[in-house]
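What the coordinates show
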Amino acid sequence: MASILDEYEDSQNIRQSAQQHSRLSSTNIGITHSGFVNARLEEEKPIFNKQRIDFTPPEKINHLAVCNNQLCMSLGKDTLLRIDLAKPDQPNQTELGRKDDSKVHRLFLDPTGSHLLISLNTSECLYLNRNTQKVRSLSRWRGHLIESVGWNKLLGNETSTGPILVGTSQGIIFEAEISANEGSLFNTNPDQYFRQVHSVEEDGKPAPVCCLEVERGLENKYFIIATTRKRLFQFVGKVAEGSEQQGFSSIFNQNQDLLPSFQEFPVNMGHSEITFYTPKLRTSPKAFAWMMGNGVLYGQLDYVRPDSLLSDVQVWEYTPDIDLNQNKPISIVLTQFHFLLLLHDRVKAICTLNGQVVYEDLFPDKFGSLKKMIKDPVGGLVWIYTERAVFRYHIQRESRDVWQMYMSMNKFDLAKEYCRDRPECMDMVLAKEAEHCFQNKRYLESAMCYAQTQNYFEEIALKFIEAKQEEALKEFLLKKLNNLKPSERTQITLLVTWLAELYLNRLGQLESDGNSVIFKETRDEFRKFLGSSKHRDCLYNNRSTIYDLLASHGNVDDMVYFSVVMQDYERVISHYCQHDEYSAALDVLSKHCDEKLFYKFSPVLMQHIPKNVVDAWIQMGKRLDPKKLIPALMNYSQMGSTQQINETIRYMEFCVYELMVTEEAIHNYLLSLYAKYKPDSLLWYLEQAGTHASEIHYDLKYALRLCAEHGYRQACVLVYRIMELYEEAVDLALEVMVNIYVDLAKSCADLPEDDEELRKKLWLKIAKHVVQKEEDVKKAMNCLSSCNLLKIEDILPFFPDFVTIDHFKEAICLSLEEYNQHIEELKQEMEEATESAKRIREDIQEMRNKYGVVDSQEKCAACDFPLLNRPFYLFLCGHMFHNDCLLQEVTPHLSAFKQNRLEDLHKKLAATMQSSKSRHRPAPKDEGDTSSLGKATAGTSREQIKSDIDDIVASECVYCGELMIKSIDKPFIDPQKFEEEKSSWL
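Cut-offs and rules
Here the residue numbers are simple positions, counted from 1 along each chain's written sequence. In keeping with the predicted nature of the model, local features appear solely for residues at pLDDT of at least 70, side-chain atom pairs appear and are counted solely at 80 or more, and the whole-chain, interface and lining totals rest on all residues. Each side-chain value is derived from all of the structure's non-hydrogen atoms; neither hydrogens nor water enter the calculation. Pairing of aromatic rings covers Phe, Tyr and Trp, the last through its six-membered ring, and needs centres within 6.5 Å; plane angles under 30 degrees mean stacked, over 60 mean edge-to-face, and all others mean tilted. For helices the rule is a DSSP run of H or I covering at least 4 residues; for strands it is a run of E covering at least 2, with both sets numbered from the N terminus onward. A 1.4 Å probe rolled over the protein chains alone gives each residue an accessible area, and that area as a share of the maximum for its type sets the label: buried under 20%, exposed over 50%, partly exposed in between. Consider the ring centre and the ring normal. A charge sits over the ring if Lys NZ or Arg CZ is within 6 Å of that centre and within 35 degrees of that normal. For this analysis, a nonpolar core means a set of buried residues of the types Ala, Val, Leu, Ile, Met, Phe, Trp, Tyr and Cys, connected via side-chain atoms within 4.5 Å. Every residue pair with non-hydrogen atoms within 4.5 Å of one another is taken to be in contact. When a carboxyl oxygen of Asp or Glu is within 4 Å of a side-chain nitrogen of Lys or Arg, the pair counts as a salt bridge.

Here the focus is the packing of aromatic side chains. Working definition: an aromatic ring pair is given by the centre-to-centre distance plus the angle between the planes. All chains considered together, the criterion is met by 32 aromatic pairs. Between Phe223 and Tyr303 the ring centres are 5.9 Å apart and the planes differ by 75 degrees, which places this aromatic pair in the edge-to-face class. Residue Phe223 is located in strand 17 (residues 221-227), and its partner Tyr303 is located in the loop between strand 22 (295-301) and strand 23 (310-316); the two are separated by 80 residues in the primary sequence. The exposure class of Phe223 is buried, given its relative accessible area of 1%. Here the aromatic cluster, defined as three or more aromatic residues joined through ring pairs, consists of Phe438, Tyr443, Tyr450, Phe457, Phe464, Phe476 and Trp498. The ring of Phe363 is capped by Lys50, whose NZ or CZ atom sits 4.0 Å from the centre of that ring. Over the aromatic face of Phe438 sits the side chain of Lys463, whose NZ or CZ is 4.9 Å from the ring centroid.

Now the structure itself:
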């Protein structure tokens, strides 16, 4: 047998299906032109794609059931074929083993695909489990023709069905349970129990139970739906938690005292069928469709309603081509947006949204009449069979055209939900929604929708302008602006400028109307727009245009706010200054700490709020350059009030004493302020500024001229003293006949410590002033005690002739005593010098007679070679050196001067040695006397040179003298030769 699913035969109806599928075309919608171009690169596949299974049944197909990828079909009289659709190559064929004339009436397959019920026309029922080959009879069910089964989706599994409901042709509803286990020794039947729970009627007579459905809602509430040929019954009740295994009897018992809820329709076509749509596996159904005599009743399932499960129900009446006598519908299947009706020769698909037939598929006569249509709730495939063929439908992208239907019904939210991944469709929906809102005068909503479309911007803007809807236009522009990309600078600039104009018009209108609440809300919205970080670059680049707009509307407050947002603080401060809001201007300055703005606006602010300005300067500290603030300070210190002057001095003092500014201009300016307004601080400043010119940061000449102009003589004396003009300082101090100035002159006279002549001269001036100007002999005598350079004889010429000796008798006596003492000190020094000279002569004589003994084995302390081989030196410490060895040891420790001197002496010594050799040659007789004289002179010179060399080289032992001590901190290797020495060791 060939596989059911491996290969497919012809696709004869695909072209017809595709043509019928496109009945709802966008050309009939009538929406505004969109900027999208809807280009389809290939023909879309139809929603309902029919495929015939490549399968030729060996016998006629009587019935077929599909669920959970398990397909079961009844063939001929006694054959049952089972196929696992996941393994289509492994079909399983089972014989029912019936020898009588019984035929299969119906097949029922549970949701798991494990339990198959086979209803026979002889009022018997058989059971077959997926895992067995044995068909078992349900003895308790005998005598009842089974028409429907309500499976238990909650408790059903592969081995047990759990409590289920069974409907019969006599209108009786039974509750039963089937187990695949063999059972006990005495009970081998698979049916655990079979009991009646309810019965239904039509027109007072029992009616067959065509369909049964059991669904569980919230809070253990169960809904049971049962249909007959004309009626749809609902049973609602709760099952105690944990007692679900006990079955559904309690639900029917709860409705026993009341008539069951049902809906009835008048036409009876002999049978009915109900189908459900479940969006996801293992969830509850969301919609239903009931095929009955009057048409198809379809709607939603609402599990929240207390008394009824059905909601939003409506009836689709059969089209005229459906004759209940000749061509009545056979089966129905419900999908998400359609229900499919099976007629004897065709299939019709009706959209549940608008009730239109959107698909019709005609089957050829060669396959025979259509028998049944089944939908696999797990796989989602729809199966149709005839006696000789099996077909199946793939439902693909069923929702792709749903948006058009919702849009035509003005259900725009649902339309947008079903075209999110199709921007061209979304644009059409938004355009239609915008037009709908505009026609209904919901302008703001219309603007929001229009802004999301690709419709022409100019048309939409003109539309709102003609309708005089500026608020809607503003919302449209805002939404458009937010949708623009940063690269679209021109469009952004246009929209930003236009929106600013609209906001300003609106604010002006609200202000004139006096509507303060809406005015405040609109202003806040406008300021939020101006401060938007997304459009900051555009606003900054076009700020001059925005300023012009704000100025043309006279909106000063918002202009200030915009300036702050743009960080254009200069404009903000200028505005505050123009409106005499100097404190606010200073607050902006202090907050943003812009040095350039401080320099620019400080003159104006200093004129009105000097203390606050100086406080701000002090807070800025070193970030401000005091020199750049001097023009403003000088301007108002000359023509300003006392407060401005005091604040100027306070800031200058802060710069000098706190910031330690050394700029000469700052110190000169502070000096001038002190001279003009605080003379008491002038002298203190000069004293603490320093006493040497190198310590001074102000101009000494400027300070001297300033103090002289204002008559501050003491200050002038201090400046002279710093300039080291001591004579001028003393002369100026002595011009005033005040004791304090005489003391000042005395302090100046002692300053030239290194120049005794000048000191004496200055003190003579002071003494002359005291004697001649003050005529005070006692003070003159005090001058002698203050300066040890003055003697009584130096000041005697200053006294007048009438002064008697009695006035300075004491001073003369004291002077004579000092001379006497000095003479005695000189005598003592002479005696000590004579004694010292005598001892030195004795030491010299002793040294002449001193000698040392050198053994023949002695070696040089430097080279360790025998000492007597070459000329050598012997030191009192016992160290002995060769002449050249000592020279080599001593030379590195000599200063550069002594090294040069030693080199010169060696050159001279070599020259004398050369000249002496030449004199040893025979000479003429007349030159004999002259030669003798030359020898004596050369010998004397050579001995002197040797003596000078000895003084340099052998003045002390190189190992015991000062040279060794001084070389302690020197490295053993010369740093300049370290690398060379280091490489020699490698």
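Further notes follow.
Here the focus is the nonpolar core. Judged by nonpolar contacts, the single largest core of 61 residues is most densely connected at Leu605, Trp617, Tyr651, Met652, Leu686 and Tyr698. When sequence neighbours within four positions are dropped, the list of residues in contact with Tyr698 reads Glu664, His667, Asn668, Leu671, Tyr685, Leu686, Ala689, Ala703 and Ile722. Counting 41 residues, the second-largest nonpolar core is a separate cluster that includes Ala434, Ile460, Leu481 and Tyr547.

Throughout the structure, instances matching the rule amount to 35 salt bridges. Note that Glu471 and Lys474 form a salt bridge whose closest N and O atoms lie 2.7 Å from each other. With Glu471 and Lys474 both in helix 8 (residues 470-483) and three residues apart, the pair spans about one turn of that helix. A residue is classified by how much of its surface remains accessible, and Glu471, at 32% relative accessible area, is partly exposed. Note that Lys627 and Glu663 form a salt bridge whose closest N and O atoms lie 3.7 Å from each other. One end of the pair, Lys627, is in helix 18 (residues 626-639); the other, Glu663, is in the loop between helix 19 (642-658) and helix 20 (664-677), and 36 residues separate them in sequence. Classification of Lys627 as partly exposed rests on a relative accessible area of 38%. On the basis of relative accessible area, Glu663 is assigned to the partly exposed category, the value being 36%.

Geometric descriptors of this kind do not, in isolation, establish any biological role.
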